[in-house]
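Residue strings, one per chain:
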Amino acid sequence: SINGQAMQRGLPEDFDSWSAMGNDEWSYDKVLPFFRKSEHDLDIRDDFHGTDGPIPVRRRQTGPWPDIQKAFHAACLDAGYGAVEDTNGPNPAGVGVWPSNNLNGWRMSAAITHLNPMRHCLNLTVRGEVFVRKVLIKDLKAVGVEVESGGEVFNVEADRVVLSAGALKSPHLLMLSGIGPKDQLQKFGIPLVHELSGVGQNLMNHLSAQITFKVKDGLSLHGDVDAVHFGLHYTSNGSSEVNDMLLRTTPMVSQRPERVPGLRTKYLNNEVPPDRVARLSVTLGLPDGS
Ligand SMILES: Cc1cc2nc3c(=O)[nH]c(=O)nc-3n(C[C@H](O)[C@H](O)[C@H](O)COP(=O)(O)OP(=O)(O)OC[C@H]3O[C@@H](n4cnc5c(N)ncnc54)[C@H](O)[C@@H]3O)c2cc1C
């Protein structure tokens, strides 16, 4: 896995805005049962949280609050924001602890939480080194995939095909399979199976702006690896989108082997060692690009 182990759900307003645009299968009340099914929350027991799903969720709070987190939390309250216990609840606004899928220092990945418990099943086969070339479609129904493996190209048939090749490759595979904007498919000589103009369009960056700064002398950036880490969900001035911003602060990483020298460790200038540098980052939380 490559991720920050943030088990932060999308915000209810985001799902409801997709629903308002016409995708009513993705309203928050329709996705909530699946969030619940996916997790067992170790801190919070209520209608918004699951208790018997495969992914453990907890809010790290080992040891004292690191200085930088203490300062960030106080600054948020001073600025008039509230504190929130549950950033995965109905109203995540305010400063609260990040939920995480890390347990005792272990990343609870899809392999550990989903695959390992099922490996013994006789009806499960996982095949690596198999490259999907396209989805096979008959009468507008996916009936399998065309794949390449070990220099051979062959078909794998299935009653049910789940396309989960990621944000870039899922739409690409749909287009290679003849599902997408007509003009674009024609240009590449791909026979049209189903015209769907939105496929492969509107890719957006998840914008994040960061400021690095030197911490005051005498303050320590070190804390327990499992120490608390706060985030602030807030609504930017003049925005019609609730909780469109996420603010966090982190210490910069200490010096460690890096593939591109200077990339991770030279954050301010050569006079400030990396272990005296922290970062404030604000991330745009809007999925719809508005
Ligand atoms: C640096 C980073 C940090 C992140 N941190 C977090 C976080 O803290 N919390 C969080 O919730 N999310 C996080 N995310 C987002 C999260 O990782 C993605 O949303 C998630 O991985 C998407 O899962 P997926 O299964 O849809 O696709 P992916 O994880 O992208 O998996 C798609 C798979 O399909 C395979 N594939 C593609 N094309 C083919 C083909 N033709 N044939 C065969 N296989 C193919 C790919 O090799 C890949 O293994 C982070 C992402 C990044 C990059």
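Since we're looking at a predicted model, the values are computed, not measured. (Residues numbered from 1 in each chain as written. Predicted model: local features only at pLDDT ≥ 70, side-chain atom pairs only at ≥ 80, totals over all residues. Heavy atoms only, no water.)

A look at the overall build of the chain
Alright, step 1. The secondary structure content of the chain amounts to six helices and 15 strands.
Alright, step 2. The principal-axis extents of the C-alpha atoms in the chain amount to approximately 65 × 45 × 45 Å.
Alright, step 3. Here the chain holds 290 residues, and 33% of them are scored as buried.
Alright, step 4. If you take every contact in the chain between residues at least 6 apart in sequence, the share linking residues at least 24 apart comes to 54%.
Alright, step 5. One way to put it: in the chain the 29 positive side-chain charges average out to a point 7 Å from where the 34 negative ones average out. (Helix = DSSP H or I, 4+ residues; strand = E, 2+ residues; numbered from the N terminus. Buried < 20%, exposed > 50% of the residue type's maximum accessible area, 1.4 Å probe, protein only. Contact = heavy atoms within 4.5 Å. Lys, Arg positive; Asp, Glu negative; His and termini not counted. Charge placed at Lys NZ, Arg CZ, Asp CG, Glu CD.)

A look at the sheet that holds strand S9 (residues 152–157)
Alright, step 1. One open sheet holds the three strands; their spatial order is S7-S8-S9, and the pairing between them is antiparallel. Each edge of the open sheet carries a strand with a single partner, namely strand S7 (131–138) and S9. With direction set aside, neighbouring strand axes in the sheet form an average angle of 25°.
Alright, step 2. With seven bridges connecting them, S7 and strand S8 (residues 141–149) associate as antiparallel partners. (Pairing = 2+ DSSP bridges. Axes fitted to C-alpha atoms, helices over the stretch in contact; angles between N-to-C directions.)

Here's the deal with the site of the ligand
Alright, step 1. Among the 13 residues in the neighbourhood of the ligand, the closest are listed as Asn-3, Gly-4, Gln-5, Ala-6 and Val-132.
Alright, step 2. Within the backbone of Gly-4, an N or O atom sits 2.9 Å from an oxygen atom of the ligand.
Alright, step 3. Here a nitrogen atom of the ligand sits 2.8 Å away from a polar atom, N or O, in the main chain of Ala-6.
Alright, step 4. Isolated, the ligand exposes 1,000 Å² of accessible area, and the fraction of that covered by the protein chains is 39%.
Alright, step 5. If you list the elements that add at least two residues to the shell around the ligand, you get S7 and helix H5 (166–176).
Alright, step 6. At three residues, H5 tops the list of elements feeding residues into the shell around the ligand.
Alright, step 7. Among the residues forming the shell around the ligand, the class breakdown is seven nonpolar, five polar and one charged. (Near = heavy atom within 4 Å. Polar contact = N/O pair within 3.5 Å; in protein donor to acceptor, adjacent residues only side chain to side chain. Areas by Shrake-Rupley, 256 points an atom, 1.4 Å probe, with all protein chains shown as cover. Nonpolar A, V, L, I, M, F, W, Y, C, P; charged D, E, K, R; others polar.)

Some words on the sheet that holds strand S14 (residues 245–251)
Alright, step 1. Strand order in the open sheet formed by five strands is S3-S13-S14-S15-S12, and the pairing between neighbours is antiparallel. Single-partner strands in this sheet number two, and they are strand S3 (94–97) and strand S12 (208–214). Strand after strand, the sheet turns through a mean of 20° between neighbouring axes, direction not considered.
Alright, step 2. With seven bridges connecting them, S12 and strand S15 (residues 277–284) associate as antiparallel partners. Each bridged residue has a counterpart across the sheet, and for Gln-210 the counterpart in S15 is Ser-281.

Let's talk about helix H1 (residues 12–20)
Alright, step 1. Listed as buried for H1 are Pro-12, Asp-14, Phe-15, Ser-17 and Ser-19.
Alright, step 2. Check the buried side of H1 and you find it contacts helix H2 (28–38).
Alright, step 3. Where H1 terminates, the next one or two residues include Gly-22, which has phi positive at roughly 125°.

What to know about H5
Alright, step 1. Taken together, the buried positions of H5 are Ser-170, Leu-173 and Met-175.
Alright, step 2. With its phi angle positive at about 95°, Gly-178 sits one or two positions after the end of H5.

Some thoughts on the packing of aromatic side chains
Alright, step 1. Scanning the model with the defined rule gives eight aromatic pairs in all.
Alright, step 2. Aromatic side chains Trp-18 and Trp-26 sit 6.2 Å apart centroid to centroid with 65° between the ring planes, which places their arrangement in the edge-to-face category.
Alright, step 3. Look at Tyr-28 and Phe-48: their rings are 6.4 Å apart centre to centre, the planes differ by 20°, and that puts the pair in the stacked class. A residue pair is termed long-range when its members are at least 10 positions apart, and Tyr-28 in helix H2 and Phe-48 in the loop between strand S1 (39–41) and strand S2 (55–59) qualify at 20 residues. (Phe/Tyr/Trp six-rings, centres within 6.5 Å; stacked < 30°, edge-to-face > 60°.)

Quick word on the side chain of Glu-146
Alright, step 1. Relative to the helices and strands, Glu-146 resides in strand S8.
Alright, step 2. The exposure class of Glu-146 is buried, given its relative accessible area of 14%.
Alright, step 3. Residue contacts for Glu-146: discarding those within four places in its chain leaves Phe-131, Val-132, Arg-133, Lys-134, Leu-136, Val-153, Phe-154 and Asn-155.

Remarks on the domain arrangement of the chain
Alright, step 1. Domain boundaries in the chain define domain 1 (58–111 + 204–284) and domain 2 (117–195).
Alright, step 2. Once you take the C-alpha centre of each, domain 1 and domain 2 turn out to be 39 Å apart. (Domains from an automatic or database assignment.)

Quick notes on the nonpolar core
Alright, step 1. Phe-72, Cys-76, Val-95, Val-97, Val-228, Phe-230, Leu-232, Tyr-234 and Met-245 together form the largest nonpolar core, which totals nine residues.
Alright, step 2. Broken down by secondary-structure element, the contributors of at least two residues to this core are helix H3 (67–78), S3 and strand S13 (230–234).
Alright, step 3. With sequence-adjacent residues up to four places away left out, Val-95 is seen in contact with Phe-72, His-73, Cys-76, Leu-77, Gly-82, Ala-83, Val-84, Phe-230, Gly-231 and Leu-232.
Alright, step 4. Counting residues in each nonpolar core, the second largest holds five residues, with Ile-179, Leu-185, Ile-190 and Val-199 among its members. (Core = buried A, V, L, I, M, F, W, Y, C linked by side-chain atoms within 4.5 Å.)

Observations concerning unusual backbone geometry
Note on backbone geometry: most residues besides glycine have negative phi, and most peptide bonds are trans.
Alright, step 1. At Asn-104, a residue that is not glycine, the phi angle is positive and equals roughly 50°.
Alright, step 2. Here Asn-104 shows up in the loop between strand S5 (102–103) and strand S6 (106–107).
Alright, step 3. Given the relative accessible area of 71%, Asn-104 is considered exposed.
Alright, step 4. One non-glycine residue with positive phi stands out, namely Asn-243, at about 55°.
Alright, step 5. If you trace the backbone, Asn-243 turns up in the loop between S13 and S14.

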